[in-house]
Amino acid sequence: MNGAQSRSRFPLLPGLANGVATGACWGSVFVAPAMVPDFTPLQLSTARYIAYGAISVLLVLPRWRQIHSRIAPKEWIALLWLGLTGNLGYYILISSAVRLCGIDITSIMTGFLPVIIGILGTREKDGLGLRRLVPSMLLMLVGLGLTAMQTLHSGEGTAGTDVTRLTGFMLAIGGLASWSIFALSNSRWLKRLSVISADDWSLLTGIATGAEALLLLPFAVHSGAASHPISGWLAFAAVSGGVALVASVMGGIFWNRTCQMLPMTLSGQMAVGETLFALFYGCLWTGRLPTAIETAAVIFLMLSVLSSALAHVPAPREETYPDRDRPGHPAGPAKTR
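Residues numbered from 1 in each chain as written. Predicted model: local features only at pLDDT ≥ 70, side-chain atom pairs only at ≥ 80, totals over all residues. Heavy atoms only, no water.

- Per an unreviewed UniProt entry, the chain goes by the name EamA family transporter and belongs to Novacetimonas pomaceti.

**Description of the overall build of the chain**
Then, number 1: Along the chain, the regular secondary structure elements total 17 helices and 0 strands.
Then, number 2: The buried share of the chain, taken over its 337 residues, is 46%.
Then, number 3: Contacts spanning at least 24 positions in sequence make up 85% of the contacts within the chain whose residues lie at least 6 apart.
Then, number 4: If you sum the accessible surface of the chain, you get close to 17500 Å²; carbon and sulfur atoms cover 69% of it. (Helix = DSSP H or I, 4+ residues; strand = E, 2+ residues; numbered from the N terminus. Buried < 20%, exposed > 50% of the residue type's maximum accessible area, 1.4 Å probe, protein only. Contact = heavy atoms within 4.5 Å. Areas by Shrake-Rupley, 256 points an atom, 1.4 Å probe, with all protein chains shown as cover.)

**Regarding the packing of helix α11 (residues 198-213) against helix α13 (residues 230-261)**
Then, number 1: Two elements in contact, α11 and α13, have axes separated by 8 Å at closest approach and are oriented at 135°. It follows that α11 is oblique to α13 by the angle criterion. The element α11 and its partner α13 pack so that their crossing is right-handed. Contacts between α11 and α13 pair A198, D199, W201, S202 and L203 from the former with S248, V249, G252, I253, N256, R257 and Q260 from the latter. (Axes fitted to C-alpha atoms, helices over the stretch in contact; angles between N-to-C directions. Parallel < 35°, antiparallel > 145°, perpendicular 65-115°, else oblique. Left-handed = near helix turned anticlockwise from the far one by under 90°.)

**Here we look at a nonpolar patch on the surface**
Then, number 1: Together, I299, L303, L306, L310 and V313 give the surface a local cluster of nonpolar side chains, amounting to about 450 Å² of exposed area.
Then, number 2: Secondary-structure assignment places L310 in helix α16 (residues 292-311).
Then, number 3: When its relative accessible area of 56% is taken as the criterion, L310 is described as exposed. (Patch = residues over 30% accessible without salt bridge, like charges linked within 9 Å, V, L, I, M, F, W, Y side chains within 5 Å. Salt bridge = Lys/Arg side-chain N within 4 Å of Asp/Glu carboxyl O.)

**Topic: the confidence of the model for the chain**
Then, number 1: Averaged over every residue, the pLDDT of the chain is 81; residues scoring 70 or more account for 85%.
Then, number 2: The spread of mean pLDDT over the elements of the chain runs between helix α1 (residues 3-7), the lowest at 46, and α11, the highest at 94.
Then, number 3: Overall, residues 318-322 carries pLDDT values under 50, and its contacts beyond four positions in sequence, including any with other chains, amount to 7 contacts.
Then, number 4: Overall, residues 333-337 carries pLDDT values under 50, and its contacts beyond four positions in sequence, including any with other chains, amount to 12 contacts. (pLDDT = per-residue confidence, 0-100.)

**Section: the pattern of salt bridges**
Then, number 1: All chains considered together, the criterion is met by 2 salt bridges.
Then, number 2: R63 is paired through a salt bridge with D200; the nearest N and O atoms lie 2.9 Å apart. Of this pair, R63 sits in the loop between α4 (41-60) and α5 (64-68) while D200 sits in helix α11, placing them 137 residues apart in sequence.
Then, number 3: Judged by its relative accessible area of 31%, R63 is partly exposed.
Then, number 4: We note a salt bridge from D199 to R257, for which the minimum N-O separation is 2.7 Å. Placement of the pair is D199 in helix α11 and R257 in helix α13, with a sequence separation of 58 residues.
Then, number 5: Among the residues examined, D199 registers a relative accessible area of 22% and is labelled partly exposed.

**A word on the nonpolar core**
Then, number 1: The biggest cluster of nonpolar side chains holds 52 residues, and the ones touching the most others in it are W179, I196, W201, L204 and W255.
Then, number 2: The set of elements that each furnish at least two residues to this core consists of α4, α6 (73-101), α8 (113-121), α10 (162-192), α11 and α13.
Then, number 3: Ranked by residues supplied to this core, first place goes to α13 with 9 residues.
Then, number 4: Once residues within four sequence positions are removed from consideration, I196 is found in contact with I67, R70, I71, W201 and L204. (Core = buried A, V, L, I, M, F, W, Y, C linked by side-chain atoms within 4.5 Å.)

**Side note on the UniProt feature "transmembrane region" (unreviewed entry) in the chain**
Then, number 1: In this structure's numbering, the residues bearing the UniProt feature "transmembrane region" (unreviewed entry) are residues 12-35, 47-64, 76-94, 100-121, 133-149, 169-189, 201-221 and 233-254.
Then, number 2: The straight-line gap between the two end C-alpha atoms of residues 47-64 is 24 Å; of that span, 83% is helix and 0% is strand.
Then, number 3: Helix and strand shares over residues 133-149 are 100% and 0% respectively, and the end C-alpha atoms of the span are 24 Å apart. (UniProt positions renumbered as here; feature names shortened; annotations may be inferred.)

**Details of the packing of aromatic side chains**
Then, number 1: Per the stated rule, a full pass over the model turns up 11 aromatic pairs.
Then, number 2: Summarising the aromatic geometry, the rings of W233 and F236 are spaced 5.9 Å apart at their centres and angled 85° between planes, so their arrangement reads as edge-to-face. One end of the pair is W233 and the other is F236, both in helix α13 and 3 residues apart, which spans about a single turn.
Then, number 3: Judged by relative accessible area, W233 falls into the partly exposed class, the value being 34%.
Then, number 4: A centroid spacing of 5.9 Å and a plane angle of 45° characterise the contact between F277 and Y281, whose relative ring orientation is tilted. Here the residue F277 and the residue Y281 both occupy positions in helix α15 (residues 272-286), the gap between them amounting to 4 residues, near one helical turn.
Then, number 5: Judged by its relative accessible area of 24%, F277 is partly exposed.
Then, number 6: For R192, the ring lying beneath its charged end belongs to W189, and the centroid distance is 4.6 Å. (Phe/Tyr/Trp six-rings, centres within 6.5 Å; stacked < 30°, edge-to-face > 60°. Lys NZ or Arg CZ within 6 Å of the ring centre and 35° of its normal.)

**Considering the environment of T209**
Then, number 1: Structurally, T209 is set in helix α11.
Then, number 2: Once the C-alpha coordinates of T209 and L88 are considered, the two residues, 121 residues apart in sequence, prove to be 7.3 Å apart.
Then, number 3: Once residues lying within four places of it in the same chain are set aside, the contact partners of T209 are Y49, Y52, G83, N87 and L88.
Then, number 4: Polar side-chain contacts of T209 include one of 3.0 Å to the side chain of N87.
Then, number 5: One polar contact links the side chain of T209 to the main-chain carbonyl oxygen of T205, over a distance of 2.8 Å. (Polar contact = N/O pair within 3.5 Å; in protein donor to acceptor, adjacent residues only side chain to side chain.)

Written out as structure tokens, the structure is:
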């Protein structure tokens, strides 16, 4: 099956809907630290991924025997790899980058994920050629550029030496590469899955990630002061559990559905929804309206996704009628419509 044939069969609108739902879920991650500012990012992330694993176990448990019998050792190795590159490894690199070079530079770097994933998707058999994605990519770059302007204009300066900032910048690139590897590997696994659903694959990824997160627990305990009031711990548990359920469990399921339904050249660009919803939630949390630059950035990013979606719309098929295709038939060959 060539690329044109495969694109003519993917469910475009359901895939886009799942992509939007993914962004709505993932955007909540950016508000969570502001809700529990007395806890470190490592504590919040470790609790989130352990909760992600626990919720995944509870959801899979009723069907565990059936699912477990269908998963070979190589799939478990892949799930551990996906949990590391897409969750823990990505977080460790990004959080370290934030500490060394600041949240502004780091957030700008991670904003290029949809562009990189879209470009990587052009090498997949069901993806569009890079030339047809140029308008969408240009619109996205303009939107990201405006986002960078707003971030740098409102952000605070980053203390530290040039070497420290350069190290942080390199770690941010490492995080960018880590999640790109996850997106490419996960998309390929989803395309070849036949024995389990995309939803169950997401839950199994959660189990693998939760097991890996347990290794971070000793470091998380010592990453900040443990003397919090009971109300603080309750808020921390609620936020961690809520982010695990919404961003990890629900967001992971929606993302896997998106990757399974759409070519990577389009599903990758849907990740920009995380940036859009993060801005929306941030404005709601702080009780302000978006600035003019932020509004312009949102418009360009939305136009980018729309342009990419239109480029992926399947071409109309040619309908033929056997009787008309016979030589000598008075109606002649069938016309396309």
